[in-house]
Amino acid sequence: MTPLASELRARIAQRGPIPFREFMEAALYHPQHGYYSSGRAAIGRRGDFFTNVSVGPLFGRLLARKFAEIWEQLGEPAQWKIVEQGAHRGEFARDALGGLREFAPRTFAAVKYVIVEPVEVLRTAQISTLAGLPVTWVASLEKLEPFIGVHFSNELLDAFPVHLVAWRDGKWVERYVESAGEEFAFVDGPLSDPRLDGKSGSYGTHATHHFTTEVNLAALDWLSTLSQKLVRGYVLAIDYGYPREQYFERPAGTLSAYAAHQREPNPLARPGEIDLTAHVEFTSLIEHAERIGFRVREFTDQHHFMVALSRLHFTNEAPPPAELRAFKTLMHPALLGQAFKVLRLEKGLDRSLFHSPVSF
């Protein structure tokens, strides 16, 4: 039994079953034993999962083109910020800043890059990766100073702890975790947050006897906090997920567990040693964003987003073979291009810059 499993078992013995959201938060972010906070999370072909940064520096260099464009749209301020959250070991920041320094030196000269990182082991790795670059750190979004610029994230929202809810006998219940011998098991319990009631949520019309889904209240709270920090600029979030109708076509939900690129059948097994993740339901996030003062500037899949960026990045000359392979991986619908979605929100900009978002 792992140390975290023992601690969770003791917590359940003292309090009774705990909401799955609490279990997932401990499994990922426990200060000593969490999958991310312990430094155990491994990205890339030899790790547990593959993401955009895994293809090499092209992802960061392409986004550098977008950041330079954003700086121009903001009126080329003398000082502006790129705030990244979920930076892992700093590879994206290194690649994006390197790209800005190479082909947008005026943008680079004005930028202050800030990483929001509460995990000490990751912050240490980022400091090593980003030595000599204009980067500072804050421990939480709450400690971030109000800023003009862009908040960027790649696979951040899918790692937020989620509530699990299920429709049982004509009402909504929440999924809790209890001890079952030497293992953990799911059990139904009362809703732990009034916002989980399907009557006011977005999933009530999809309810059937066997319907189970995730509710990412943490993402809504995160966006509310971010709205208080972003004075003028954009939120650019890249993550895998679906708009609402496609999301709720999955009656068992999207919660998944991974290790070494293999799907783990039991998300309650080996807490702290495997990755737990749930797809993002983007429609609820968009609706909440509009309620709190954001405008939707863009919502599309990564395929279309990357094709648009390629027009900024590639010249008429043939790109190097390594870049071409990386680009195909990023944009190809059968690889990363369709699974990932891109949401860009704006705040405090002239209404004339607004155009209708892409929808699904």
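Scroll up to find the structure.
Quantities reported herein were computed from a predicted structural model and do not represent experimental measurements. (Residues numbered from 1 in each chain as written. Predicted model: local features only at pLDDT ≥ 70, side-chain atom pairs only at ≥ 80, totals over all residues. Heavy atoms only, no water.)

## Here we look at the overall build of the protein chain
Here's step 1: Across its full length, the protein chain holds twelve helices and 16 strands.
Here's step 2: A globule of 360 residues ought to have a C-alpha radius of gyration of about 21 Å, and the protein chain, at 21 Å, matches this closely.
Here's step 3: Dimensions of the protein chain, computed from C-alpha atoms along their principal axes, come out at roughly 60 × 40 × 40 Å.
Here's step 4: In the protein chain, which comprises 360 residues, the proportion classed as buried is 54%.
Here's step 5: A separation threshold of at least 6 residues defines the contact pool for the protein chain, and within that pool the share at least 24 residues apart is 74%.
Here's step 6: As presented, the protein chain carries roughly 16,000 Å² of accessible surface, and 51% of it is formed by carbon and sulfur atoms.
Here's step 7: The distance from the centre of the 39 positive side-chain charges to the centre of the 42 negative ones in the protein chain is 4 Å. (Helix = DSSP H or I, 4+ residues; strand = E, 2+ residues; numbered from the N terminus. Rg over C-alpha atoms; globule rule 2.2 N^0.38 Å. Buried < 20%, exposed > 50% of the residue type's maximum accessible area, 1.4 Å probe, protein only. Contact = heavy atoms within 4.5 Å. Areas by Shrake-Rupley, 256 points an atom, 1.4 Å probe, with all protein chains shown as cover. Lys, Arg positive; Asp, Glu negative; His and termini not counted. Charge placed at Lys NZ, Arg CZ, Asp CG, Glu CD.)

## Focus on helix H10 (residues 302–313)
The periodicity of an α-helix, 3.6 residues per turn, causes residues three or four places apart in sequence to face the same way.
Here's step 1: In this model, H10 (twelve residues) spans 16 Å end to end at C-alpha, consistent with the 16 Å of a helix rising 1.5 Å per residue.
Here's step 2: Of the residues making up H10, those classed as buried are Gln302, Phe305, Met306, Leu309, Ser310 and His313. Each buried residue of H10 lies within a common arc of 140° when the element is viewed along its axis, so the set occupies one face.
Here's step 3: One side-chain oxygen at the N-terminal end of H10 lies 3.2 Å from the backbone nitrogen of His303; it belongs to Asp301. (Expected span 1.5 Å × (residues − 1). Arc of directions from axis to C-beta. Polar contact = N/O pair within 3.5 Å; in protein donor to acceptor, adjacent residues only side chain to side chain.)

## Quick word on the sheet that holds strand E11 (residues 256–259)
Here's step 1: Spatially, E12-E11-E13 is the arrangement adopted by the three strands of the open sheet, whose pairing is antiparallel. Bordering the open sheet on either side are strand E12 (262–263) and strand E13 (275–277), each of which pairs with just one other strand.
Here's step 2: Two strands pair when backbone bridges link them, and E11 and E13 are joined in this way by three bridges, in the antiparallel orientation. Note that in E13 the partner of Tyr258 across the bridge is Asp275. (Pairing = 2+ DSSP bridges.)

## With respect to unusual backbone geometry
Here's step 1: Positive phi is not limited to glycine here, since Glu76 has a value of about 55°.
Here's step 2: Its place among the elements puts Glu76 in the loop between helix H3 (58–73) and strand E2 (80–85).
Here's step 3: Using a relative accessible area of 34% as the deciding quantity, one classes Glu76 as partly exposed.
Here's step 4: A positive phi angle is found at Glu155, which is not glycine, with a value near 55°.
Here's step 5: Given a relative accessible area of 13%, Glu155 falls into the buried group.

## Details of the nonpolar core
Here's step 1: Counting 45 residues, the largest nonpolar core has Leu63, Phe67, Trp80 and Met306 as the members making the most contacts within it.
Here's step 2: With nine residues, the top contributor of residues to this core is H3.
Here's step 3: Residues contacting Met306, with those up to four places away along its chain left out, are Phe59, Leu62, Leu63, Phe327, Leu330 and Met331.
Here's step 4: Counting residues in each nonpolar core, the second largest holds 36 residues, with Val83, Leu217, Ile286 and Val296 among its members. (Core = buried A, V, L, I, M, F, W, Y, C linked by side-chain atoms within 4.5 Å.)

## Side note on the side chain of Asn216
Here's step 1: Relative to the helices and strands, Asn216 is located in the loop between strand E9 (212–215) and helix H7 (217–229).
Here's step 2: Given the relative accessible area of 18%, Asn216 is considered buried.
Here's step 3: Among the polar contacts made by the side chain of Asn216, one reaches the main-chain amide nitrogen of Ala219 at a distance of 2.9 Å.
Here's step 4: The contacts of Asn216, once residues within four sequence positions are left out, are Leu157, Phe160, Pro161 and Val162.

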